Amino acid sequence: MVQGMTNQSPIIAITSGEPSGIGPDIILSALSEQTFNARLVVLGDLGLLQARANQLGLAPKFHMTPQIDIVPTHQAGHIYLLPVPLVAPAKAGELNVANAPYVLETLQQAGEGCLNQTFDAVVTPPVHKGILCETGVHFSGHTEFFQSLCQSPHVVMMLATEAMKVALVTTHLPLQQVSSAITKDSLSRVIHALHADLQRKFAINNPKILVCGLNPHAGEDGHLGMEEIDTIIPTLNTLRAQGLDLVGPLPADTLFTPKYLEHADCVLAMYHDQGLPVLKYSGFGNAVNITLGLPIIRTSVDHGTALDLAGTGKANNGSLKVAIQHAINMANNAKQFPNEQNTTP
Ligand SMILES: NC(=O)c1ccc[n+]([C@@H]2O[C@H](COP(=O)([O-])OP(=O)(O)OC[C@H]3O[C@@H](n4cnc5c(N)ncnc54)[C@H](O)[C@@H]3O)[C@@H](O)[C@H]2O)c1
Ligand SMILES: N[C@H](C(=O)O)[C@H](O)COP(=O)(O)O
């Protein structure tokens, strides 16, 4: 950097994810292969990353970062590390509950760093929800973790590929609880949050959102379920009267076809496995998971910890590269239009 010039590229925190999963692998390979126009700071254990790099035959140069603001713009092969120590040694492919506090600590530090503006965004490689829950903490996802940390009333999970955006009304909820969680109020708040962030974060002026029904054939006029008639249709009508461009509720089995998708900006699915299988079928490995409705920018990968692949060199790092690039784009946009980055209405 030229002396006296301030480095304006965004500072992106990257958590290391579940240490026995593929998080460390994809960080090491992505940051070794590609140069990003941002200052990247990995939160994790140096020994873990060094050992996994050896296992994978990679040799990035590690730099410790006592002072975040002197981290230079990323160059392939260089990894700047904010050290967070493991609790116990980590072995690729073998979960160890002892390291759950380590995982949570990386998320806590990254989230707090975004809130106090040390970081411009956080990118999260995968964690293992089950092993975190075994500590007695209920951890259903990063989405809910950052919602709680940021005290955000309403967040929305959205996964996106080049071709498709899919957002969810309910996130990591047992199927049995889905119907009762879809109320006029919750649906209305999710749609407002989605609409606002499609405008703010994606510069879509008047987003057209396709809304799935909950039941087969969107309830078949009440013969296959009443949620559409009782809740979804009246809510959509109210929101349409406020000017929102909403189509549906449409039967989810035929909504994901070109006839509908070609003319829409986003699909709103009622629950996790109604929307995400389609998105992942169309773009697994190249999709990004974005939490909308937070006061901070948070992106993630489209896959899990893939314990079977950790340390093998077979993990695809495509989604992490996309997640980092999306975080950079959104952080640049936030710097350019600071007044548009409010939280959900
Ligand atoms: N962002 C996240 O933190 C995140 C996302 C999804 C799942 N998870 C968690 O991950 C754990 C395991 O979940 P799962 O088994 O359902 O899904 P998974 O994505 O870990 O694995 C599903 C399949 O996809 C393969 N796969 C996953 N990522 C891959 C990659 N980058 N390259 C090549 N192949 C890949 C795996 O080998 C496996 O066959 C669970 O605890 C789940 O909650 C976390
Ligand atoms: N629902 C996500 C997916 O299937 O990819 C995943 O579980 C991650 O969710 P969080 O970003 O909330 O951890």
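If you're wondering where the values come from, they're calculated on a predicted model, not measured in any experiment.

Asker: Help me understand the site of ligand 2 in this model?
Answerer: As a matter of local geometry, ligand 2 sits amid Gly141, His142, Thr143, His272, Leu276, Asn289, Ser300 and Asp302. Going through the elements one at a time, α5 (142–150) and α11 (272–283) are the ones with two or more residues in the shell around ligand 2. For the shell around ligand 2, a count of residues per class yields one nonpolar, six polar and one charged. In terms of domain composition, the shell around ligand 2 takes at least three residues from each of domain 1 (1–152 + 294–345) and domain 2 (154–290).

Asker: Explanation requested: the site of ligand 1 in the structure shown.
Answerer: In the vicinity of ligand 1, 18 residues are found, and the nearest of them are Pro126, His303, Gly304, Ala306 and Asn316. Broken down by class, the residue content of the shell around ligand 1 amounts to seven nonpolar, nine polar and two charged.

Asker: Can you walk me through the UniProt feature "binding site: a divalent metal cation" (unreviewed entry) in the protein in this structure?
Answerer: The residues that UniProt annotates with the feature "binding site: a divalent metal cation" (unreviewed entry) are His172, His217 and His272. With a sequence span of 101 residues, these residues are also far apart in the fold, their greatest C-alpha distance being 23.5 Å. Structurally, the position occupied by histidine 172 is in the loop between β7 (165–168) and α6 (178–181). The residues contacting histidine 172, other than those within four sequence positions of it, are Ser140, Gly141, Glu144 and His272. Structurally, the position occupied by histidine 272 is in helix α11. The contact partners of histidine 272, leaving out residues within four places of it in the chain, are Leu168, Thr171 and His172.

Asker: Honestly, the environment of histidine 303 in this entry has me stumped. Any pointers?
Answerer: Of note, histidine 303 is situated in the loop between β12 (298–300) and α12 (318–336). Spatially, the C-alpha atom of histidine 303 lies 30 Å from that of asparagine 205, the residues being 98 residues apart in sequence.

Asker: Help me out: how do you make sense of the domain arrangement of the protein in this one?
Answerer: Interface size is commonly expressed as the accessible surface area that is lost when the partners come together. Parsing the protein into structural domains produces domain 1 (1–152 + 294–345) and domain 2 (154–290). A C-alpha centroid distance of 28 Å is found between domain 1 and domain 2. Taken together, the contacts link 24 residues of domain 1 with 19 residues of domain 2. For the side of domain 1 that touches domain 2, the secondary-structure elements that each account for two or more residues are α5, β12 and α12.

Asker: Mind showing me how you'd approach the UniProt feature "binding site: substrate" (unreviewed entry) in the protein here?
Answerer: Cross-referencing UniProt, the feature "binding site: substrate" (unreviewed entry) maps to His142, Thr143, Lys280, Asn289 and Arg298 in the present numbering. In this fold, histidine 142 is placed in helix α5. Judged by C-beta crowding, with 24 C-beta atoms within 10 Å, histidine 142 ranks as buried. Residues in contact with histidine 142, not counting those within four places in the same chain, are Leu107, Thr124, Val127 and Ser300. Mapped onto the elements of the fold, threonine 143 is located in helix α5. On the basis of neighbour counts, which here come to 24 C-beta atoms within 10 Å, the residue threonine 143 falls in the buried class. Residues contacting threonine 143, with those up to four places away along its chain left out, are Val155, Met157, Thr171 and Thr291.

Asker: When you look at the nonpolar core in this model, what are you seeing that I'm missing?
Answerer: Buried together is how nonpolar side chains tend to be arranged in soluble globular proteins. Core analysis: the biggest nonpolar cluster contains 96 residues, and Ile12, Val41, Ala121, Leu194, Leu268 and Ala327 have the highest contact counts within it. The leading source of residues in this core is α12, at eight residues. Setting aside chain neighbours within four positions, we find alanine 327 in contact with Ile12, Ala121, Val123, Ile297 and Thr299.

Asker: Teacher, can you tell me more about the sheet that holds strand β5 (residues 121–124) here?
Answerer: Whether parallel or antiparallel, the strands of a sheet pair through hydrogen bonds between backbone atoms. Pairing within the open sheet is mixed, and its twelve strands lie in the order β3-β4-β2-β1-β5-β12-β11-β6-β7-β10-β8-β9. The open sheet has two free edges, formed respectively by β3 (61–64) and β9 (245–250), since each of these has just one partner strand. Neighbouring strand axes in the sheet, compared pairwise and without regard to direction, differ in orientation by 25 degrees on average. Where β5 and β12 come together, three bridges link them in parallel fashion. Among the inter-strand pairings, valine 123 is bridged to a residue of β12, identified as threonine 299. This element, helix α2 (residues 46–56), spans β2 (39–44), β3 and β4 (78–83) of the sheet and lies at about 175 degrees to β3.

Asker: Looking at this structure, I do not really get the packing of helix α7 (residues 184–200) against helix α8 (residues 227–241). What am I missing?
Answerer: For any two helices packed against each other, one specifies the inter-axial angle together with the distance between the axes. Relative orientation of the contacting elements α7 and α8 amounts to 45 degrees, with a least axis distance of 9 Å. Between α7 and α8, the angle falls in the class oblique. Crossing of α7 against α8: the hand is right-handed. Of α8, the residues touching α7 (which contributes Lys184, Leu187, Ser188 and Ile191) are Thr231, Ile232, Pro234, Thr235 and Leu239. Of the residues in the contact of α7 with α8, the class split is five nonpolar, three polar and one charged.

Rules used throughout
- Residues numbered from 1 in each chain as written.
- Chains lettered and ligands numbered in written order.
- Predicted model: local features only at pLDDT ≥ 70, side-chain atom pairs only at ≥ 80, totals over all residues.
- Near = placed C-beta within 6 Å.
- Helix = DSSP H or I, 4+ residues; strand = E, 2+ residues; numbered from the N terminus.
- Nonpolar A, V, L, I, M, F, W, Y, C, P; charged D, E, K, R; others polar.
- Domains from an automatic or database assignment.
- UniProt positions renumbered as here; feature names shortened; annotations may be inferred.
- Contact = placed C-beta atoms within 7 Å.
- Buried ≥ 20, exposed ≤ 12 C-beta atoms within 10 Å, placed from the backbone.
- Core = buried A, V, L, I, M, F, W, Y, C linked by C-beta atoms within 7 Å.
- Pairing = 2+ DSSP bridges.
- Axes fitted to C-alpha atoms, helices over the stretch in contact; angles between N-to-C directions.
- Parallel < 35°, antiparallel > 145°, perpendicular 65-115°, else oblique.
- Left-handed = near helix turned anticlockwise from the far one by under 90°.

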